[in-house]
Structures are given as structure tokens and as C-alpha cells.
Amino acid sequence: MSFKTQSKDLPTPNPVLQVTNLDVYYGESHILRQVDITVFPGQMVCLIGRNGVGKTTLLKTIMGLLKPRRGQVIYEGQPITQLPPHGRAKLGIGYVPQGREIIPRLTVQENLLLGQEALPSSMGTRSVDKLDQVFELFPVLKTMLTRMGGDLSGGQQQQLAIARALMGEPRLLVLDEPTEGIQPSIIWEIEAAVRRIIQISGIAVLLVEQHLHFVRQANWYYAMQKGGIVASGPTEHLSQDVIGQFLSV
Ligand SMILES: Nc1ncnc2c1ncn2[C@@H]1O[C@H](COP(=O)(O)OP(=O)(O)O)[C@@H](O)[C@H]1O
Ligand SMILES: [Mg+2]
């Protein structure tokens, strides 16, 4: 697979994430079939596909919330297939699940500080500096520090969920439908923030997304159908055909 921002003369960088030959079952139902994906540092990679094809199942397996029957998850060259979720978080994989899951009865500030739990205590930027960085990305959060998470709008909760994941200083950020059910103006803000995160920190982002404009911001797409990857390529090659087939728009 080529890396579009990479010139031919430079060596290909090592992938931040490699998923190889993954088979995942729920009980006896075979959900993921021989899934292979690769994400390079600094890339935004988008997973597309209609409802129920297995996108969330793939992200959960990458995060260690589901165990594959076959195949490997390799992070920065190291197999992590046997690591529990918190071990993966410690290694630098941040995750925002579908439906966000911020903690409604904690304040915005408490939710944010929880995001640092993944970091080994001796490491990491000071909390205040880290908070300043996330407020730059999501200014609305700064005005709401003492509000309960549950009192925020859906869009604000999503911003909080992404900000919380960033507090753990991930090198790979995994987002499951960050704009689902969110009003258009906030979709733009989230999209811009994700682009900016990659620009300023150079981390990689793997996301599931349905909004075409957002999908097109990615470097690379993988399209899923019935638990398998059936198409992939640079997002500028996404034709109307492919879009019609794989996005529920
Ligand atoms: N907890 C579960 N138990 C059994 N089957 C599930 C469970 N969660 C999802 N599935 C099934 O797995 C398939 C893939 O689901 P999912 O990964 O959530 O799809 P997507 O995120 O692409 O909409 C669907 O057929 C769904 O019904
Ligand atoms: Mg899903």
C-alpha cells in the first residue's frame, strides 16, 4: 500500500497499526472475516460501510474489548493481541466508542482528568498544559469546566469524549462515528479539530464515519461489507459508485 504524502525516495515509515487476517465471532456468529488494515503515523484512515457490517466490532477488537479467534493486532511493531484494553491505552491508543460514554455525573474537568489515567504516572505533559491544548481544540469545554458531563449537548459531549482521549497523549486515536446524531455546525467543529490534531501532533487517526465530507478528509479508506474489507484506496479515488455502495447517504 502506498502512502500518499510519502515521496518515492523516502523509506516507507513503519505502520503505527497493523491488523492481519482477523477473524472475530460473537458466540458462533462469524462477524469479521480475514480483515487486514494498516495505518501509518500521521495518517487519517477512515472505515466506511453500512450499518451492521462489523465496523464497531473491528474497533473493539483493536482496543482489546473483543478477542479474535484468529489473526493479530500489531501496534508499533509489537503484537498486542493478548493485551487487555487498559494495557493498550497505556501503550498510546486512545479510543472514543460509538455513543461517546462520557461520565454524566462527573464534571467536565473531572472527565478530562480521567483521560490521563492511562498515562504512566512518571510520564506525560503536566495536566494544566495538556488542558490548555485541548481547550485550543475545543474552546467550548473551557467555559464548561464545572458543568456535569451529562448536562452537555450531544455535540459537546462528543467534543469532551475526544478531548478526554487526547489527555492520555495517544499516538493512535480511534474514533467510532464521532459525528453520529450531531448537529451540522458541531460536525464541522469536530472535523476541523481532528484535522488539527493530526497537523499539530502527527498522531494517526482511525475512524468510522458516515459523513462524506469528513470521510474525504482522510488519506485512505477501507470499505467493509459483511465483515470483510472489500475495497480500499486513497479517499480522492472514492467514486460516486463506491460511495453509494458503502455510505448510508
Ligand atoms: N454483542 C453482540 N452480540 C452478538 N452480535 C452482535 C453484538 N454486537 C454486534 N453484533 C452483530 O455483529 C454485526 C456487526 O455489528 P457492528 O460491528 O456493531 O456493525 P457496525 O458498527 O458496522 O454497524 C451485526 O450483525 C450485529 O448484529
Ligand atoms: Mg458501529
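The preceding data block contains the structure.
For the structure given in this document, a descriptive report is provided here. A quick note: this is a predicted structure, and the numbers were derived from the prediction, not measured. (Residues numbered from 1 in each chain as written. Chains lettered and ligands numbered in written order. Predicted model: local features only at pLDDT ≥ 70, side-chain atom pairs only at ≥ 80, totals over all residues. Heavy atoms only, no water.)

Quick look at the pattern of salt bridges
Basically, it comes down to this: For this analysis, a salt bridge means a side-chain nitrogen from Lys or Arg found within 4 Å of a carboxyl oxygen belonging to Asp or Glu. A run of DSSP states H or I qualifies as a helix once it reaches four residues; a run of E qualifies as a strand once it reaches two. Both are numbered from the N-terminal end. Relative accessibility under 20% of the residue-type maximum defines a buried residue, over 50% an exposed one, and the middle range a partly exposed one, all with a 1.4 Å probe and only protein chains included.
In the structure shown here, the tally under the stated rule is four salt bridges. In this structure, the salt-bridge partner of E76 is R171, at a minimum N-O distance of 2.7 Å. With E76 in the loop between β4 (70–75) and β5 (78–79) and R171 in the loop between α6 (154–167) and β7 (172–176), the pair connects residues that are 95 residues apart, well separated along the chain. We classify R171 as partly exposed; its relative accessible area is 40%.

Some words on the coordination of the magnesium ion (ligand 2)
Our working definition: Coordination here is defined by N, O and S atoms within 2.8 Å of the metal (3.2 Å for Na, K and Ca), and since water is not considered, a site can look incomplete.
T56 (OG1) and Q98 (OE1) make up the full set of protein donors to the magnesium ion (ligand 2), lying at 2.0 to 2.3 Å. Taken together, the residues span a long stretch of sequence, with T56 in helix α1 (residues 55–63) and Q98 in the loop between β6 (93–96) and α3 (108–114) at a distance of 42 residues. You can call T56 partly exposed: its relative accessible area is 22%. In this structure Q98 comes out as partly exposed when scored by relative accessible area, which is 29%.

Overview of the site of ligand 1
For the record, the criterion: It suffices for a single heavy atom of a residue to lie within 4 Å of a molecule or strand for the residue to be listed as near it. The term polar contact refers here to a pair of N or O atoms within 3.5 Å; inside protein, the definition further demands a hydrogen-donor-capable atom paired with an acceptor-capable atom, and it admits residues adjacent in sequence only when both atoms are side-chain atoms. Working definition of accessibility: Shrake-Rupley area with a 1.4 Å probe, residue cover restricted to the visible protein chains. Gly counts as polar in this scheme, as do all residues outside two lists: the nonpolar Ala, Val, Leu, Ile, Met, Phe, Trp, Tyr, Cys and Pro, and the charged Asp, Glu, Lys and Arg.
For ligand 1, the full set of nearby residues is Y26, I31, R50, N51, G52, V53, G54, K55, T56 and T57. One of the backbone N or O atoms of G54 is found 3.0 Å from an oxygen atom in ligand 1. Within the side chain of K55, an N or O atom sits 2.8 Å from an oxygen atom of ligand 1. In isolation ligand 1 exposes 560 Å². Once the protein is present, 56% of that is buried. Each residue belonging to the shell around ligand 1 can be placed in one class, and the counts come to three nonpolar, five polar and two charged.

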